[in-house]
Amino acid sequence: MAIHYLTQQGLDKLKKDLADALAQRPVISAQIAEARDKGDLSENAEYEAAREAQGLLELNISKLQDQIANARVIDESMIGTDKVQMLNKVKVKNLALNKVMEFTLVGESEADFTKGKLAATTPIGKALLGHSKGEIVEAKVPSGIIKFEILDITL
């Protein structure tokens, strides 16, 4: 599995999500036991629903455990602004649309485009990483190639 770069805040959230998911295990086990006590399992929709919920919960727990095991917390004090890197706030101009946008590059688990948090693994994120203010970069996206001018890099 790939390394997940995130902030300490992002790692704390993953750990809380895992703790919440683990706390659901006994709840779902109790639902399964209760449904099993109602008799014929072949026609027991409650039992099937509880087993499906258990499967989804275990999948989520496994995913969270993997993300935490492969997490690398980024030391925010070591981040510069000479070249675009993780946790930088980047102001860019989409040259085709002549539109200015600003977002922070984050790890996948912290990405939220509505809050201006762009995963560094996206085509735009990958195109920006390692480049400096004033440079024009090309991002290969499904609809073609988008050119961006890097206007500013901040923390």
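Just so it is clear, the structure is predicted and the values come from calculations on it, not from any experiment.

1. Details of the sheet that holds strand E3 (residues 89–94)
Strands sit in the order E5-E4-E3-E7-E6 across an open sheet of 5 strands; the sheet is mixed. Of all the strands in the sheet, the pair left with one neighbour each is strand E5 (117–119) and strand E6 (136–141). Strand-to-strand twist in this sheet, taken as the mean axis angle between neighbours without regard to direction, amounts to 45°. One ladder, built from 3 bridges, connects strand E4 (residues 99–106) with E5; its direction is parallel. Bridge assignment links Val-106 to a residue of E5, and that residue is Ala-119.

2. Description of unusual backbone geometry
Negative phi values dominate among residues other than glycine, just as trans dominates among peptide bonds. If you check the backbone angles, Leu-87 has positive phi at about 70° while not being a glycine. In this structure, Leu-87 sits in the loop between strand E2 (71–73) and E3. In the Ramachandran plot, Asn-98 falls in the positive-phi region, its phi being about 55° despite a non-glycine side chain. By the secondary structure assignment, Asn-98 is in the loop between E3 and E4.

3. Notes on the layout of surface pockets
The method is simple in principle: a probe with the dimensions of a water molecule rolls over the atoms, and the space it marks as empty is what remains. For the largest pocket, the calculated volume is near 270 Å³. If you trace the largest pocket, you find it lined by Thr-7, Gln-9, Gly-10, Lys-13, Leu-14, Asp-17, Ser-109, Glu-110, Ala-111, Asp-112, Lys-115 and Lys-117. By volume, the second largest pocket amounts to about 200 Å³. The wall of the second largest pocket is formed by 13 residues, among which Ile-3, Tyr-5, Met-86, Gly-107 and Thr-121 lie closest to the centre. Of the residues contributing to the lining of the second largest pocket, the split by class is 8 nonpolar, 4 polar and 1 charged.

Cut-offs applied
Residues numbered from 1 in each chain as written. Predicted model: local features only at pLDDT ≥ 70, side-chain atom pairs only at ≥ 80, totals over all residues. Heavy atoms only, no water. Pairing = 2+ DSSP bridges. Helix = DSSP H or I, 4+ residues; strand = E, 2+ residues; numbered from the N terminus. Axes fitted to C-alpha atoms, helices over the stretch in contact; angles between N-to-C directions. 1 Å grid on protein atoms, 1.4 Å probe; cavity = no way out; pocket = protein on both sides within 12 Å on 5 of 7 lines; lining within 4 Å. Points joined across faces, edges and corners; volume = space filled by probe spheres on them. Nonpolar A, V, L, I, M, F, W, Y, C, P; charged D, E, K, R; others polar.

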